[in-house]
Amino acid sequence: MTTVDTRIVLTIEEAARRLGIGRTTMYALVKTRQIRTVTIGRLRRVPAFCLDEYVENLLTEETALENAA
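Summarised in this report is the structure supplied together with it.

Reading the values: the criteria
- Residues numbered from 1 in each chain as written.
- Predicted model: local features only at pLDDT ≥ 70, side-chain atom pairs only at ≥ 80, totals over all residues.
- Heavy atoms only, no water.
- Helix = DSSP H or I, 4+ residues; strand = E, 2+ residues; numbered from the N terminus.
- Buried < 20%, exposed > 50% of the residue type's maximum accessible area, 1.4 Å probe, protein only.
- Arc of directions from axis to C-beta.
- Pairing = 2+ DSSP bridges.

Glancing now at the environment of Thr 6. Within the element layout of this structure, Thr 6 appears in the segment before strand 1 (9-10). When the C-alpha atoms of Thr 6 and Ala 48 are compared, they prove to be 8.9 Å apart, with 42 residues separating the residues in sequence.

This is the structure in structure tokens:
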């Protein structure tokens, strides 16, 4: 049974799971600022919409590369 996650911020691990990537890769994307995060108190969280932004950027870069060829 699949449930819809409606939370607006995710842990790094949850965000990685949602993208279908490993935790280490997710930390690398956060460190290089490819995926934006917020700090709430001492916690680092990934706004859910930032995952959408990341995928959109990947698609835009892919389209730009196709047009360059």
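Side chains that are three or four residues apart share a direction in an α-helix, a result of its 3.6 residues per turn. Residues Met 26, Leu 29 and Val 30 constitute the buried set of helix 2 (residues 23-31). Down the axis of helix 2, the smallest arc covering the buried residues is 100 degrees, so these residues share one side. Away from the buried face of helix 2 by more than 90 degrees, exposed residues Thr 24 and Lys 31 are located. Backbone geometry just after helix 2 places Arg 33 at a positive phi near 60 degrees.

Before going further, it helps to spend a moment on the pairing of strand 3 (residues 43-47). Pairing geometry for strand 1 and strand 3, over two bridges, is antiparallel. Along strand 3, the bridge assignment pairs Leu 10 with Val 46. In this structure, strand 2 (residues 38-40) lies alongside strand 3, joined through three bridges in antiparallel fashion. Residue pairing across strands places Thr 39 opposite Arg 44, the latter belonging to strand 3.

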